[in-house]
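# Architecture at a glance
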Amino acid sequence: MLKNILLSFVLVLLLSFESNAQTATAIQNSFDAYQQKTFQEKLFVHTDKSTYLTGEILWFKVYNVDATNNKPINISKVAYVEVLDNNQVPVIQAKVALKGSGSGNGSVYIPVAINSGNYHLRAYTNWMKNFSADNYFEKNITIINPLKSPETTANKAKPTYDIQFFPEGGNLVNGLTSKVAFKVVSKDGKGVNIRGAIVNQHNDTVARFRPLKFGIGNFTFKPNLKDTYKAVVYIEAENKPIVKELPSVFDQGFVMQLTDNATQLTVTVNSNSNQGEVYLFAHTKSITKSVQSAALVNGTAKFLIDKALLGEGISHLTVFNSDRKPVCERLYFKRPAQKVVINLNPDQEQYGTRKKVNVAVSVKDQQGQPLVADLSMSVYQIDSLQTTEPGDIVNYLWLTSDLKGNIESPDYYFKNKNAEADEAIDNLMLSQGWSRFKWEEVFKNPQPSFSFLPEYTGHLVTAKLTGIATNKPEKNITAYLAVPGKRVQLYTSNSDSTGKLLFNTKDLYGPGEIVVQTNTEKDSTYRIDILSPFSEKYSKSTLPVFALTEDMQSALKARSLDMQVQNLYAGNKLRQFYNPKIDSSSFYGKLFSPYKLDDYTRFTTMEEVLREYVKSLTVIRQQKRFHIRIYEENARFGGDPIVILDGVPVFNIDKVMAIDPLKIQKLELVNNQYLWQATEFEGILNFTTYKGDLGGYEFDPHAVIIDYEGMQLEREFYSPVYESSQQMASRLPDFRNVLYWSPSVSTGAQGKTQVNFYTSDRTGNYIGVLQGITATGEAASQYFKFSVKQDYTAGMK
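Described in the following lines is the structure provided in the data block. Just so it is clear, the model here is predicted, and its values are computed rather than measured. (Residues numbered from 1 in each chain as written. Predicted model: local features only at pLDDT ≥ 70, side-chain atom pairs only at ≥ 80, totals over all residues. Heavy atoms only, no water.)

### Looking at a nonpolar patch on the surface
- On the surface, a cluster of nonpolar side chains totalling about 340 Å² of accessible area is made up of L568, Y569 and L732.
- On the secondary structure map, L732 appears in the loop between α9 (725-728) and β46 (738-746). (Patch = residues over 30% accessible without salt bridge, like charges linked within 9 Å, V, L, I, M, F, W, Y side chains within 5 Å. Areas by Shrake-Rupley, 256 points an atom, 1.4 Å probe, with all protein chains shown as cover. Salt bridge = Lys/Arg side-chain N within 4 Å of Asp/Glu carboxyl O. Helix = DSSP H or I, 4+ residues; strand = E, 2+ residues; numbered from the N terminus.)

The following block contains the structure:
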């Protein structure tokens, strides 16, 4: 009997272990399957500076990386960049081409009608629109309009503060001791010094607290459900205390505590409601790192995690109960090792005006081996308006991109490697609360449905087609999008069940017109609306209050003069763009030699031109209408070919015959059936006018003709050269405060390069910032400083 009892006990124990292992495996499998279906991109934007005046140009470079490993990726070919005001209204929008290793660059002119204030600059791809706007890149920039008085705000009112409390793991539970993080920030988004206390209904103090850094700290607290609690916070700059409610206390539940030891983490889970199994799941950047199970004994379970197993950056530690429901979660940060070393060595620490600056650049790994990196550099003046930026590509990719809200001075956590900094970073992790990860979606394991496709080859123009009579979406209707001009840019799409049209364009650059229509000979009862490609989702991050102080006035006057002088004397130089290197051939290639009409005797009607010159086609009339039939060897196609006039399809052949042939420079013929995107053509007949202006052709009234801006053209950065004495003596003023901007600093196989530029007539202190990323995903940033003093040997100052 004893043997049978022992055998039964062992059997139950083994079954329990097997069940626990199955549950842990199920959690991991669900997570991994979800991640495989939801690939995510991450963008970083390097701007030339962060404070601008209206009338200036904002220069930027976009880096696109895989969110799981920070490696550059070349999936999306377009990035969307916006500047939003405090009401989430866009004041600037741009589409930027992503090329090569997944980076791209652009520039935007700051309109003079914009009001002074703080703004969000954000960037995302079309694919990223499938996920939360919290995943978009965001940074705060300041725009000052010197010609407008700042909008009046209630600055004289009593300042308000945002005070938040974050129990470790997520909840306060009756009778269980918890570490509670707190965060106190002012209107400008910066932490404030405070002292505080937690008191009960009897005004007995049960805990006291002070922030360690940036208004963030923690205290330990054991709540009792029978008592009520409130926080009394004393702001050092205020005379009166602020009373704040604590998060609710739950009667039953779980709490977790993390202890960071030298080589491992100890995670303790306490519960007053469950004695079963609990599970700990750890992942770094959505890659599973550890899955463990443990039994609650007397309400406590402990887990040990080898820190070497966790990836660099932010890891998510989630506790599940026996029903696979997440009950606790917190973040842990593992400081990344510096694997890339950038050296910037200017040839001097001080320069005169209009003098050449030479900067030696080298990029190496920790062993001194050269590295090839994709880099961008900006050199700008620092003063009371424009200070050194605290954020860069390193702390964004490793830290701030995975956190919510504004992170004050993120560089502090990377530059300082001591006990205080370690405690400060852990407080930051605690103050993030429950993460944005939705576990209920993971366990449902549905086949994801994405509304937005990645733009693999170019910009996707989206439209919606509805019936004019029904005002309802219509499906399986072919529509055509064309860009008028000598270069044929014709795209087709079939509407889906929701009436959605997707035109997959290629090398669509610059502002211009687009013409969207159906084949009006067949489908003339439809309405087409072009949809905005910009996201209509917004993050919950807020902007700090804008304020101009007295010590900024002199710098503002100088910068205002700089802007006006540069626009007056160098305005044409600021409006020069590179010609994009694109394939100018038609979508059908060069199948046949074109008919250049100047090589033939000119006829006065298009019917004569086609009958006399063009082989492999014939012009016929049926029921008083013209038609064109194209021959291929001994076969004749049964329908009209697609006729294109300066890139725009013309479906009414009578209108084709009405075209003035004296305005046509050439025509091209494709005398075989041609499948293009969503439709098949019975041959192609393409007319090109001398001017590319359609020669007076009038569009069909059902066609939609709108101004549409494609991917922006790359602007040339204006930087004058002062090599000769004549150039030095030029009396044209040079008031640049951004001396240099290059989005494509390449170190090559030797890991070295040289950067050269000239100082302007503006004296003061300057900083150069270089940042970028290697092909293996190692981000790096470095800066150098120098000053410019007056040089009376130069030209007019």
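### Regarding the packing of aromatic side chains
- Tallied over the entire structure, the rule returns 38 aromatic pairs.
- Plain terms: the ring middles of F587 and Y674 are 5.9 Å apart, the flat faces sit at 70° to each other, and that makes the pair edge-to-face. Of this pair, F587 sits in the loop between α6 (553-569) and β35 (595-596) while Y674 sits in strand β42 (residues 674-676), placing them 87 residues apart in sequence.
- The buried category is assigned to F587, whose relative accessible area is 15%.
- Owing to a relative accessible area of 17%, Y674 belongs among the buried residues under this scheme.
- A network of ring pairs unites the aromatic residues F165, F182, F209, F219, F221 and Y229 as a single cluster.
- Its end group placed over the ring of Y80, K129 keeps NZ or CZ at 5.8 Å from the ring centre.
- The side chain of R762 reaches across the aromatic face of F735, ending 4.4 Å from its centre. (Phe/Tyr/Trp six-rings, centres within 6.5 Å; stacked < 30°, edge-to-face > 60°. Buried < 20%, exposed > 50% of the residue type's maximum accessible area, 1.4 Å probe, protein only. Lys NZ or Arg CZ within 6 Å of the ring centre and 35° of its normal.)

### Remarks on the nonpolar core
- F587, L610 and F687 are the most contacted members of the largest nonpolar core, which has 61 residues in total.
- With residues near it in sequence (within four places) discarded, L610 still touches L617, V619, I628, M657, L667, L685 and F687.
- With 58 residues, the next largest nonpolar core counts Y80, A97, Y124 and F414 among its residues. (Core = buried A, V, L, I, M, F, W, Y, C linked by side-chain atoms within 4.5 Å. Contact = heavy atoms within 4.5 Å.)

### Let's talk about the sheet that holds strand β16 (residues 242-245)
- Read across the sheet, four strands follow the order β13-β12-β15-β16 without closing on themselves; strand pairing throughout is antiparallel. Strand pairing shows two members of the sheet lacking a second neighbour, β13 (205-209) and β16, which therefore form its edges. Averaged over all adjacent pairs, the angle separating strand axes in this sheet is 25°, with direction ignored.
- As paired elements, strand β15 (residues 229-235) and β16 share four bridges and run antiparallel to each other. Opposite K230, over in β16, you have E245 as the bridge partner. (Pairing = 2+ DSSP bridges. Axes fitted to C-alpha atoms, helices over the stretch in contact; angles between N-to-C directions.)

### Things to note about the environment of P511
- Topologically, P511 is positioned in strand β33 (residues 511-518).
- Measuring from C-alpha to C-alpha, the distance between P511 and M377 comes to 28 Å, with 134 residues separating the pair along the chain.

### Observations regarding the sheet that holds strand β19 (residues 264-271)
- Pairing is antiparallel in the open sheet, where three strands are placed in the order β18-β19-β22. In this open sheet, the two edge strands, each paired with only one partner strand, are β18 (254-260) and β22 (300-306). Ignoring which end each strand starts from, the neighbouring axes of this sheet average 20° apart.
- In the sheet, β19 pairs with β22 via seven bridges, with the strands oriented antiparallel. Its bridge partner being in β22, T268 is matched across the sheet by K302.

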